[in-house]
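Each chain, written out:
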Amino acid sequence: MAAAVLSSQSVNQASHIDALKPSWLSNEVLTGTSIMAVEFDGGVVVGADSRTSMGTYVSNRVTDKLTRVTDRIYCCRSGSAADTQAIADIVAAQMELLEVTMGEPPRVRVAANTFKEICYNYRDSLMAGIIVAGWDKAIGGQVYTIPLGGMIVRQPVAIGGSGSTYVWGHIDATYKPNMNKQETVDFVKNTLTLALTRDGSSGGVVRVAVITKDGVERQTFLHNDLPQFYQG
Amino acid sequence: MSGSSYDRAITVFSPDGHLFQVEYAQEAVKKGSTAVGVKGKDVVVLCVEKKSVPQLQEERTVRKICILDDHVLMAFAGLTADARILINRARTECQSHKLTVEDPVRIEYITRFIATLKQRYTQSNGRRPFGTSCLIAGFDMDGTPHLYLTDPSGTYTEWMANATGRSAKTVREFLEKHYSEEAVSTEEGSIKLVVRALLEVVQSGAKNVEVAIMKHSEPMRMLDISSLEKIVAEIEKEKEEEAEKKKQKK
């Protein structure tokens, strides 16, 4: 099923006509992005910005980059919008098949490794940086990061996308373990705000989802509700 | 019908037009434990005969009602191992369909898929037909319930109520007598009809039947033993009352 959908194709078929069009019509659609996920006791908080860009043109300023894989597992997508959508759809289908055959929801690690299998085996054809986060009854909240190339590693905090480069120092200085749900949501909101204010490819609203055993709670922080930091 | 040179290879017709292997497969189905299905107004109910298990066997490893997707149920009669293959193929197809067209399968579609698979095995070399008859029930996206029956030849038909397996004829006759739109207009009525139908041919007792219920946009529900016992007790009482009325009429 995965092989049929992901045959390799080149990213841009340039022709002489493209030279006459504005560049944003032929650039690939990217989610140049700020995404992150944080574990806390009882679940995970995932967050993302909402900008999708085609070159300098913002093709969607209210994107939802937090994609459902199962009822308790979400993924944050960065890189090529097409690649990450296709991968997420395939993994979601495989997880649903697993749920039907096993009689219980699949574990977060299983979903994360399914992402990894696709991202690693098709690494030359894909551009996808994915953070998989969720809750299962075996271990609780987990965050797995799968950067370009298809490595997988579990981390208590994971950040990704072009905006993440601006906030490595911030999370190192601010993150502390054993935060409660509200502290974790605030941490995610502040970090993403800092990232999207500095990164040209990130922007719009901050979308947050809190995943626990009781379900998924989604929040959207509009741009003027974001915290104010030093503007200089 | 038996023991001629025309029942060896499945691809060969007999002079009088029989595919003996298919008919033998249908015989295998008639040996399996009974499965009954009823389509109610807004509910579908499947009920299977629970064979008694040896003392040391783990009871829960025998599952004769399975979900194919969160809106499709299947019960079967016949070879369990053959059914397992069909179930796996059908489950994968349900997901593949959703992945490609972003819509859950219609009950008719997945039934047709299973029936086509069965038919293929009646027309190829070196393979025998599946020895199962499947009762497929569920809800389409628009909320309409459906109940289909497939058989080893690869035909499928839609029903308001039907049974397959051992004593299916007796159960079907009971259903023909007692099925009415009014009887199945409620969930409770549909469940009672199915259980009563199966109890015609199975030793009475909640531990001998397994009942699964599905409603539109709701996950499948297996009836727990205490609700089953209550229903069986109510059915027994109704049967006694009917017998009393008959006696008094005489």
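Small disclaimer: the values here were computed from a predicted structure and weren't measured.

How each quantity is defined
- Residues numbered from 1 in each chain as written.
- Chains lettered and ligands numbered in written order.
- Predicted model: local features only at pLDDT ≥ 70, side-chain atom pairs only at ≥ 80, totals over all residues.
- Heavy atoms only, no water.
- Disulfide = S-S within 2.5 Å.
- Buried < 20%, exposed > 50% of the residue type's maximum accessible area, 1.4 Å probe, protein only.
- pLDDT = per-residue confidence, 0-100.
- Contact = heavy atoms within 4.5 Å.
- Core = buried A, V, L, I, M, F, W, Y, C linked by side-chain atoms within 4.5 Å.
- Helix = DSSP H or I, 4+ residues; strand = E, 2+ residues; numbered from the N terminus.
- Pairing = 2+ DSSP bridges.
- Salt bridge = Lys/Arg side-chain N within 4 Å of Asp/Glu carboxyl O.

1. Quick word on the state of the cysteines
As used in these notes, a disulfide is a covalent bond between sulfur atoms, one from each of two cysteines.
All names here are of chain B.
Then, in step 1: Considering all chains together, one arrives at zero disulfides over all chains under this definition.
Then, in step 2: Cysteine Cys-94 remains unbridged, with the sulfur of Cys-66 as its closest cysteine sulfur at 12 Å.
Then, in step 3: Of the residues examined, Cys-94 reaches a relative accessible area of 0% and is grouped as buried.

2. Considerations on the confidence of the model for chain A
Then, in step 1: With 89% of its residues at a pLDDT of at least 70, chain A reaches an overall mean of 90.
Then, in step 2: Every residue in residues 1-13 of chain A scores below 50 in pLDDT, and together they form 19 contacts with partners more than four places removed in sequence or on other chains.

3. Digging into the nonpolar core
Residues and elements named next belong to chain B.
Then, in step 1: The biggest cluster of nonpolar side chains holds 30 residues, and the ones touching the most others in it are Val-36, Val-38, Leu-175, Ile-191, Val-195, Val-209 and Val-211.
Then, in step 2: Among the elements of the structure, strand 1 (35-39), strand 2 (43-49), strand 8 (161-164), helix 4 (168-178), helix 5 (187-199), strand 9 (209-215) and helix 6 (225-249) are those that each provide at least two residues to this core.
Then, in step 3: The element that contributes the greatest number of residues to this core is helix 5, accounting for seven residues.
Then, in step 4: Within the second largest apolar cluster, 21 residues are counted, among which are Val-72, Phe-76, Ile-114 and Leu-117.

4. A look at the sheet that holds strand 2 of chain B
Then, in step 1: The strand order across the open sheet formed by five strands is 8-1-2-9-10 (chain B), and the pairing between neighbours is antiparallel. The outermost strands of the open sheet, each flanked by one partner alone, are strand 8 and strand 10 (221-222) of chain B.

5. Remarks on the pattern of salt bridges
Then, in step 1: Per the counting criterion, the structure on display carries 25 salt bridges over all chains.
Then, in step 2: Note that Asp-71 of chain A is salt-bridged to Arg-68 of chain A, the shortest N-O span being 2.8 Å.
Then, in step 3: In this structure Asp-71 of chain A comes out as partly exposed when scored by relative accessible area, which is 47%.
Then, in step 4: Salt-bridge contacts for Glu-234 of chain B lead to Lys-192 of chain B; the nearest nitrogen and oxygen are separated by 3.1 Å. Pair noted here: Glu-234 of chain B is in helix 6 and Lys-192 of chain B is in helix 5, with a separation of 42 residues, a long-range link.
Then, in step 5: Where salt bridges share partners, they join Glu-188, Lys-192, Glu-234 and Glu-238 of chain B into one cluster.

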